[in-house]
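# Commentary on secondary and tertiary structure
The chain contents come next:
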Amino acid sequence: MTLLKKITKSKFARRTLSSLITFYVRLVWLTSRWDAIGREYPQEYWNKNKAMIGCFWHGRMLMMFKTWLGSHKFHMLISSHADGEIIAHTTQNFGFGWVAGSSTRGGHKALMECLRLLKKGESIGITPDGPRGPRYQVSLGVIQIARLSGVPIWPFTYSSTKGIFIKSWDQFFLPFPFGKGVFIYAPMLDVARSSKTDEELRQDLENTLRDLTAQADRYCGQVAP
């Protein structure tokens, strides 16, 4: 049994790991300099407390806890697997809510809970290539949630001058302290008002997230594997 599997089987270990992740995110945040490009796109929604569906790659998850500046509640759609519980506890440590499931797994219950929160005026975050990939490929689930709720999709990403790409299915980017980072936000994707098909919108979102991530890495001098 691998070390990770041993950790995910222990509830105490999962909570301890989530506390360590929380500490590390705050350490990286406080010791690094951060730029923001395109903040005007979500700012209008933050100012008016309007719901959004935040989208970012699974491998760029770590620092996304520091991107939310809205005063209304934000919830993460998280895998119901044991390792998802680690992310769930970390999410709670930053004052966010969470929904068990994914854009492709978790079934009807997760979908209905996301729609309920969005209709309530709260926002959700989704990793559209999670929880198991394929990497950098958007699932149709997020487009369907946006279509049913009438809430726009907010694509964003980050990178940093100091960090490494872990050899995992998602090429997880682990930023180090004392670097210079950047958050890049794209314009909202208004699915409800678009005349495009769900597949065309899915491809648009995938291209946007790929381009954003490449732009953030170039900004920080990073080269993804």
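Above: the structure in question.
Reading the values: rules and limits
- Residues numbered from 1 in each chain as written.
- Predicted model: local features only at pLDDT ≥ 70, side-chain atom pairs only at ≥ 80, totals over all residues.
- Heavy atoms only, no water.
- Helix = DSSP H or I, 4+ residues; strand = E, 2+ residues; numbered from the N terminus.
- Buried < 20%, exposed > 50% of the residue type's maximum accessible area, 1.4 Å probe, protein only.
- Contact = heavy atoms within 4.5 Å.
- Pairing = 2+ DSSP bridges.
- Arc of directions from axis to C-beta.

Our next topic: the environment of methionine 64. The topology assignment puts methionine 64 in the loop between strand S2 (53-55) and strand S3 (74-78). Overall, methionine 64 belongs to the buried group, its relative accessible area being 5%. With 10 residues separating them in the primary sequence, methionine 64 and glycine 54 have C-alpha atoms 9.9 Å apart. Once residues within four sequence positions are removed from consideration, methionine 64 is found in contact with Phe56, Phe156, Thr157 and Tyr158.

It is worth spelling out the pairing of S3 at this point. Burial within S3 is extensive, with 5 of its 5 residues counted as buried. Alternating residues of S3 divide into Phe74, Met76 and Ile78 and His75 and Leu77, and every residue in both groups is buried. Pairing analysis gives 3 bridges linking S3 to strand S5 (residues 123-126), with the strands arranged parallel. Pairing of histidine 75 across the sheet is with isoleucine 124, part of S5. Both S3 and strand S4 (residues 97-100) contribute to a ladder of 4 bridges, which runs parallel. If you follow isoleucine 78 over to S4, its bridge partner there is alanine 100.

Taken residue by residue, helix H3 (residues 40-47) has Pro42, Tyr45 and Trp46 as its buried positions. Along the long axis of H3, the arc covered by the buried residues comes to 105 degrees, so they all point the same way. Opposite the buried face of H3, by more than 90 degrees, sit the exposed residues Glu40 and Asn47. The inward-facing, buried residues of H3 abut strand S6 (153-160) and strand S9 (180-185). Immediately beyond the C-terminal end of H3, within one or two residues, lies asparagine 49, with a positive phi of roughly 55 degrees.

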